[in-house]
Amino acid sequence: MRTPSKSISHRRGGGGGSDPAFMTGFKVAFLASLLLLVSFLIRLNFQLVKQLSDDPHEGGAMGGEASGERLASLRGEVSAMKEKVATMKGAVEDIKRGQPGAIVQKEGEFPRIACTPEVAQKQAARMNKRFNEWWSHSACPDQVWMEGILDVFAPEAGKPHLVLDIGCNKGYTSADFLDALSPGTSINPKTLVDAIRGVARDMNTKFDRDGGVCNDSNKPLNKDANTKRPVEVHCFEPSPATYNMLIAARDKLMPNGVNEGTAKWNIHNLGLHEVNGKMAWHSACATAVGDELCTIVPDGTEGAIAVPVVTVDAFLKETYPGEANLPLVHMLKVDAEGLDPAVLTGATALLTNHRAIMTMFEFNPGLSEGKSPHGMWGAGGKPRRRLLEVTRWLDRLGYDCYLDTHLVSEKERGNGVLEAPALYRITGDCLTEEPRVRGWANVVCASRRFEGAAQLLRKLATMV
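Residues numbered from 1 in each chain as written. Predicted model: local features only at pLDDT ≥ 70, side-chain atom pairs only at ≥ 80, totals over all residues. Heavy atoms only, no water.

(A) Geometry of helix 6 (residues 172-181). Counting buried residues along helix 6, 10 of its 10 residues qualify, which places the element largely inside the surrounding structure. Among the residues of helix 6, those classed as buried are Tyr172, Thr173, Ser174, Ala175, Asp176, Phe177, Leu178, Asp179, Ala180 and Leu181. (Buried < 20%, exposed > 50% of the residue type's maximum accessible area, 1.4 Å probe, protein only. Helix = DSSP H or I, 4+ residues; strand = E, 2+ residues; numbered from the N terminus.)

Right under this line is the structure:
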């Protein structure tokens, strides 16, 4: 019997009163820093104006070239300083709004995002317009940040890159990370779709959307096709039929077993939740791969399949029993039929101790409009969880979160569509209202304890 979901807000803890004297001193120091930044910005602007007033051709061609380089450098510095000023002003606003439970920067963390109301409003206007231009721009994002993960996913000494693919479905996220981190393993979206179609031929059938709902099998592949690195991917798929298909596909891709060189792709017939127990799934899950009927059903449903569920924290403790701490997870990916908040709650120890460098999850308020039992997002959530509630909780734990998106295409540019950023900022009141999602959307977060990962996402969230 399924245990009722527990409240994330109940589990988060903290957020109590702060010492007024400390908060006053903190604000004074913050404002002093802000004044220094503003004065420096004025000085930079003065230099830029002076440079523009000079003859750009003075000193000949070389002088003009040097002048142009200096101008570009000054403009870059001014732009960077303006963003820092806006961020600090937003932080002051955040302290004012959040007292007495404001989120305070922790020692050793990459600077936290904070947006002024004006910046947040500007971003929201572009994001909401983007949903009208391309309804699924966040449902099937470009994941531009994937191009930089190898540089920021430094493994611990003697240990592999570790990826948890929760809600594995047809395995394309697993294949994507194996291709990004160990391309020589030869498991990638293209080889995976070939293996899946091979399994279907063996069964004299065809699987629905075998290339993935977002045409995942057509993703560009890693140009480095030979390098192998230690990587361990855990794929969790509760549907027995889909689980069996994944095992058969892996056998075609890894005929010598799970360990192919230095990479491992472990596949588990498990669900993830905020408690350990069992969950009921529709009887169609026993035979149908990708069938829309294969969903969570109420306990006691006739013919329902009972699938074990565990928490992320419990799984890691059991799988890596000799570890003094939880292992370092490079990516915690969650796509859990609307139960993503519950899965994240089940990873509280992992996230609180910053043992996950990044996490990504799906926000799908539309799932709550279907038949019972509902997902947790949307007006009909059981219990309801709002996106900003979850990201605020992650912020308190030290994670910056962003709405992932699809970049403007060449066709759109030809039709006059304005550019849009690769990511939209959520953390630090950069998003103040629930996004007007049509369908579903994807969120990606990075721990501020890992500066490279936090900076990677920050750079892609250009404020429009």
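What follows picks up the thread again.
(B) Layout of the sheet that holds strand 6 (residues 277-281). Ordered by their spatial adjacency, three strands build an open sheet running 5-7-6, and the pairing between neighbours is mixed. Looking at the sheet topology across the chains shown, the edges are occupied by strand 5 (271-272) and strand 6. Here strand 6 pairs with strand 7 (residues 305-310) via five bridges, running antiparallel. In the strand pairing of strand 7, Gly277 is matched with Val309. (Pairing = 2+ DSSP bridges.)

(C) How the structure looks around the packing of helix 7 (residues 189-202) against helix 8 (residues 240-253). At a minimum axis separation of 9 Å, helix 7 and helix 8 run at an interaxial angle of 115°. The interaxial crossing formed by helix 7 with helix 8 has right-handed handedness. Where helix 7 approaches helix 8, its residues Thr191, Leu192, Ala195, Ile196, Gly198, Val199 and Asp202 are matched on the opposing element by Met245, Ala248, Ala249, Lys252 and Leu253. Of the residues assigned to the contact of helix 7 with helix 8, the class counts are eight nonpolar, two polar and two charged. (Axes fitted to C-alpha atoms, helices over the stretch in contact; angles between N-to-C directions. Left-handed = near helix turned anticlockwise from the far one by under 90°. Contact = heavy atoms within 4.5 Å. Nonpolar A, V, L, I, M, F, W, Y, C, P; charged D, E, K, R; others polar.)

(D) Representation of the confidence of the model for the chain in the model. For the chain, mean pLDDT is 81; residues scoring 70 or higher make up 74% of the total. Per-element confidence in the chain ranges from a low mean pLDDT of 31 for helix 1 (residues 8-12) to a high of 98 for strand 8 (residues 329-334). Every residue in residues 1-23 scores below 50 in pLDDT, and together they form 45 contacts with partners more than four places removed in sequence or on other chains. Predicted confidence is poor over residues 86-91, with pLDDT under 50, and the contacts of this stretch with residues over four places away or in other chains come to 16 contacts. (pLDDT = per-residue confidence, 0-100.)

(E) Local environment of the pairing of strand 10 (residues 399-404). The buried fraction of strand 10 is high, at six of six residues. When strand 10 meets strand 11 (residues 423-425), the two strands line up antiparallel, connected through three bridges. Directly across from Tyr402, in strand 11, lies its bridge partner Arg425.

(F) Representation of the state of the cysteines within the structure. Under the defined criterion, the tally for this structure stands at five disulfides. In this model Cys140 forms its disulfide with Cys214; the gap between the sulfur atoms is 2.0 Å. The sign of the -70° torsion about the S-S bond sets the Cys140-Cys214 disulfide as left-handed. Placement of the pair is Cys140 in the loop between helix 4 (117-133) and helix 5 (149-152) and Cys214 in the loop between helix 7 and strand 2 (231-236), with a sequence separation of 74 residues. Residue Cys285 pairs covalently with Cys294 via a disulfide, S to S 2.1 Å. (Disulfide = S-S within 2.5 Å.)

(G) How the structure looks around the packing of aromatic side chains. The full count for this structure, using the stated rule, is three aromatic pairs. Plain terms: the ring middles of Phe236 and Phe315 are 4.8 Å apart, the flat faces sit at 80° to each other, and that makes the pair edge-to-face. Note that Phe236 is positioned in strand 2 and Phe315 in helix 9 (residues 312-319), a separation of 79 residues in sequence. Phe315 matches Phe236 in its accessibility class, with the two residues each being buried. Relative to Trp377, the ring of Phe361 has its centre 6.2 Å away and its plane inclined at 10°; by these criteria the two rings are stacked. Here Phe361, found in strand 9 (residues 356-363), pairs with Trp377, found in the loop between strand 9 and helix 12 (387-397); they are 16 residues apart in sequence, far enough to count as distant. (Phe/Tyr/Trp six-rings, centres within 6.5 Å; stacked < 30°, edge-to-face > 60°.)

(H) Quick peek at the pattern of salt bridges. Counted by the stated rule, this structure contains 19 salt bridges. For Arg448, the salt bridge is made with Glu109, and the minimal N-O distance between the two is 3.2 Å. Linking Arg448 in the loop between strand 12 (441-447) and helix 14 (451-460) with Glu109 in the loop between helix 3 (60-98) and helix 4, this pair joins segments that are 339 residues apart in sequence. Of the two residues, Arg448 and Glu109, both sit in the buried class. Residue Lys333 is joined to Asp165 by a salt bridge in which the shortest nitrogen-to-oxygen separation is 2.7 Å. Residue Lys333 is found in strand 8, and its partner Asp165 is found in strand 1 (residues 161-166); the two are separated by 168 residues along the sequence. Via salt bridges that share partners, Glu109, Arg112, Asp395, Asp400, Arg448, Arg449 and Arg458 belong to a single interconnected network. (Salt bridge = Lys/Arg side-chain N within 4 Å of Asp/Glu carboxyl O.)

(I) Seen up close, the side chain of Thr311. Tracing the sequence through the fold places Thr311 in the loop between strand 7 and helix 9. Reaching out from Thr311, the side chain makes a polar contact with the backbone nitrogen of Ala314 at a distance of 2.9 Å. Dropping the residues within four chain positions of it, Thr311 is found in contact with Leu272, His273, Glu274, Val275, Asn276 and Gly346. (Polar contact = N/O pair within 3.5 Å; in protein donor to acceptor, adjacent residues only side chain to side chain.)

(J) Focus on the environment of Arg413. Examined against the element boundaries, Arg413 turns out to sit in helix 13 (residues 410-414). Apart from the residues within four sequence positions on either side, Arg413 is in contact with Val408 and Glu419. A polar contact of 3.2 Å, which involves the side chain of Arg413, links it to the backbone oxygen of Val408.

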